[in-house]
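# Secondary and tertiary structure notes
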Amino acid sequence: MLEQTRIENSPSTRERARVYVTGDCDGLPDLRDSLANHPEVELVGSAAQVGEAAPTLTGGHLQVVLHATRSATLPVNEIAALREHTRAPIVLLASNGSPALLEDALEHDVADVLLLPQLTDNVVFAIRKAGHVGKRLNGSDRRHGRLVTVFSPKGGTGKTVTATNLGTSLAKHWGKRALLLDLDLQFGDAAIMLGIEPEKTIYDLVTAPGELDSEKLAGYTTRHASGLDVLPAPLRPEDAELVTEAKLARLLEVARESYDVIVVDTSPFFHGPMLATLDRTDELLLLCGLDVPTLKNVRLSLQTLELLSFPPDRIKLVLNRANSKVGMKPKEVEAALEREIAYEVPSDRSVPIAVNRGNPAVLSDSKADFSRAVRAMAKQLVADQAAAKQKKSFLASLGRS
Ligand SMILES: Nc1ncnc2c1ncn2[C@@H]1O[C@H](COP(=O)(O)OP(=O)(O)OP(=O)(O)O)[C@@H](O)[C@H]1O
Ligand SMILES: [Mg+2]
């Protein structure tokens with residue numbers, strides 16, 4: 001961008017870009033003053049020498065570094081010095097430019113070059129552009145919704161009841177942008193349990209022409225009164241096979257960019273779509289009951305998950321109907337599975353009543369023991385997500401240094 005062009009800028013309602021200025025050249029003081037007063041820029045600081053700026057460059061969570069130079073050729077040493085402290089995109093400002101400067105600069109990991117003087121809006125445009133590319137490259141600013149898969153190798157263990165109530169609680173009580181994805185593709189009944197009659201299902205979404213993106217996804221989900229979005233299973237069992245692994249992989253990728261949490265209800269099988277989902281699952285709620293056949297199958301599932309190299313720390317064992325008096329204790333389940341129970345959910349008469357009314361128990365009977373247990377699960381999930389996010393940004397800050 002060596003020539004001066006007028007670029008229309010959009011209204012300054014966006015988040016301000018954190019910018020640091022290093023080096024010096026003609027016209028820089030005026031530009032710095034203008035940037036300091038620009039509504040789309042947060043000028044974090046400036047220093048003539050890169051060394052002086054080191055602490056802020058390292059820890060400043062900068063979107064862009066503007067580096068000014070009087071040299072007509074690329075100040076390779078100065079760029080290298082900046083790179084010792086930050087991975088933020090660098091935009092070079094020059095008061096003298098040779099034709100080779102832009103080419104050299106791009107080869108040396110410089111995002112853009114601007115010859116001063118420039119209109120401030122043009123510089124802000126270059127900052128926005130460079131910051132945007134930087135975000136895409138390190139991916140740190142992309143929304144990365146948490147994928148929570150509810151699974152059990154046995155039918156009737158409470159997967160759909162858990163998934164629908166958990167999704168409802170996350171949306172209603174925690175204000176999360178939450179999606180419930182019904183991957184019990186042949187006989188999914190999440191929509192019925194939520195009392196909604198969706199016009200479109202996952203089948204319509206994956207068979208619709210054109211690229212799948214967030215906007216398209218939004219056109220196929222149905223909003224529940226709690227704020228939870230639902231993408232139901234196909235209406236006919238024979239349509240299930242059109243939801244291929246490849247289509248599902250893309251769908252999950254898009255859903256993660258649109259939502260804070262995606263709760264997936266499943267069928268009791270390790271089929272292709274389930275494997276594609278496991279591949280992207282952050283937390284697997286593995287449901288178990290106080291009965292020997294379920295226990296045997298959960299044990300087999302744990303072995304299968306191990307063979308699939310699914311990370312064991314992502315598995316949370318959920319004991320449903322934990323208070324049933326059936327001659328087996330939770331401790332015996334833990335011993336048999338050699339794993340701790342993460343959540344105990346009681347058997348509660350409010351659940352079948354809520355199922356038959358199509359109104360999740362966490363809403364219709366919020367004081368019921370079952371509702372309390374699911375709310376506690378949602379609370380822990382939110383805490384886990386916050387901890388994971390904190391860890392990610394800490395690691396990203398180390399990567400920048
Ligand atoms: N904690 C509970 N207390 C009382 N009833 C429960 C509880 N959990 C589940 N149920 C009852 O068990 C029935 C089966 O639950 P659900 O449909 O959620 O199982 P599922 O694992 O999804 O079954 P499927 O594999 O057939 O999809 C529900 O209709 C519900 O009424
Ligand atoms: Mg079910």
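Before any of the text, the structure's been laid out above.
### Let's talk about the packing of helix H12 (residues 292-307) against helix H13 (residues 330-337)
Here H12 crosses H13 at 35°, and the two axes come no closer than 10 Å. For the pair H12 and H13, the crossing hand works out as right-handed. Of H13, the residues touching H12 (which contributes Leu 295, Val 298, Arg 299 and Leu 302) are Val 333, Ala 336 and Leu 337. Of the residues belonging to the contact of H12 with H13, the class tally is six nonpolar, no polar and one charged.

### Thoughts on the site of ligand 1
Near ligand 1, the surroundings consist of 18 residues, among which Gly 156, Lys 159, Thr 160, Val 161 and Arg 321 are the closest. Between an oxygen atom of ligand 1 and a side-chain N or O atom of Lys 159, the distance comes to 2.7 Å. Here ligand 1 has 630 Å² of accessible area as a free molecule, and 81% of this is covered by the chains. Partitioned by chemical class, the residues of the shell around ligand 1 number seven nonpolar, seven polar and four charged.

### Remarks on H13
Regarding H13, the residues found buried are Pro 330, Val 333, Glu 334 and Leu 337. The arc enclosing the buried residues of H13, seen along the axis, measures out at 100°, which places them on a common side. Residues of H13 that are exposed and point over 90 degrees away from its buried face: Lys 331 and Ala 335. In this structure, the buried side of H13 is in contact with strand S11 (283-288), H12, strand S12 (315-320) and strand S13 (341-345).

### Observations concerning the pairing of strand S1 (residues 17-23)
Successive side chains on a regular strand alternate, one facing one side of the sheet and the next facing the other. The element S1 is largely enclosed, with a buried count of six among its seven residues. In terms of strand pairing, S1 meets strand S2 (residues 41-47) through six bridges, oriented parallel. In the sheet register, Val 21 faces S2, and the bridge partner there is Ser 46. For the crossover that starts at S1, traverses helix H1 (residues 28-36) and ends in the parallel S2, the hand is right-handed.

### Looking at the environment of Lys 176
Inspection of the secondary structure assignment puts Lys 176 in the loop between helix H6 (159-172) and strand S7 (178-183). The spatial distance from the C-alpha of Lys 176 to the C-alpha of Asp 104 is 46 Å, given a sequence separation of 72 residues. The residues touching Lys 176, leaving out its near neighbours within four places in the chain, are Leu 170, Ala 171, Asp 260, Val 261, Val 382 and Gln 385.

Scoring rules and cut-offs
Residues numbered from 1 in each chain as written. Chains lettered and ligands numbered in written order. Predicted model: local features only at pLDDT ≥ 70, side-chain atom pairs only at ≥ 80, totals over all residues. Heavy atoms only, no water. Axes fitted to C-alpha atoms, helices over the stretch in contact; angles between N-to-C directions. Helix = DSSP H or I, 4+ residues; strand = E, 2+ residues; numbered from the N terminus. Left-handed = near helix turned anticlockwise from the far one by under 90°. Contact = heavy atoms within 4.5 Å. Nonpolar A, V, L, I, M, F, W, Y, C, P; charged D, E, K, R; others polar. Near = heavy atom within 4 Å. Polar contact = N/O pair within 3.5 Å; in protein donor to acceptor, adjacent residues only side chain to side chain. Areas by Shrake-Rupley, 256 points an atom, 1.4 Å probe, with all protein chains shown as cover. Buried < 20%, exposed > 50% of the residue type's maximum accessible area, 1.4 Å probe, protein only. Arc of directions from axis to C-beta. Pairing = 2+ DSSP bridges. Right-handed = clockwise from strand over helix to strand, strands pointing away.

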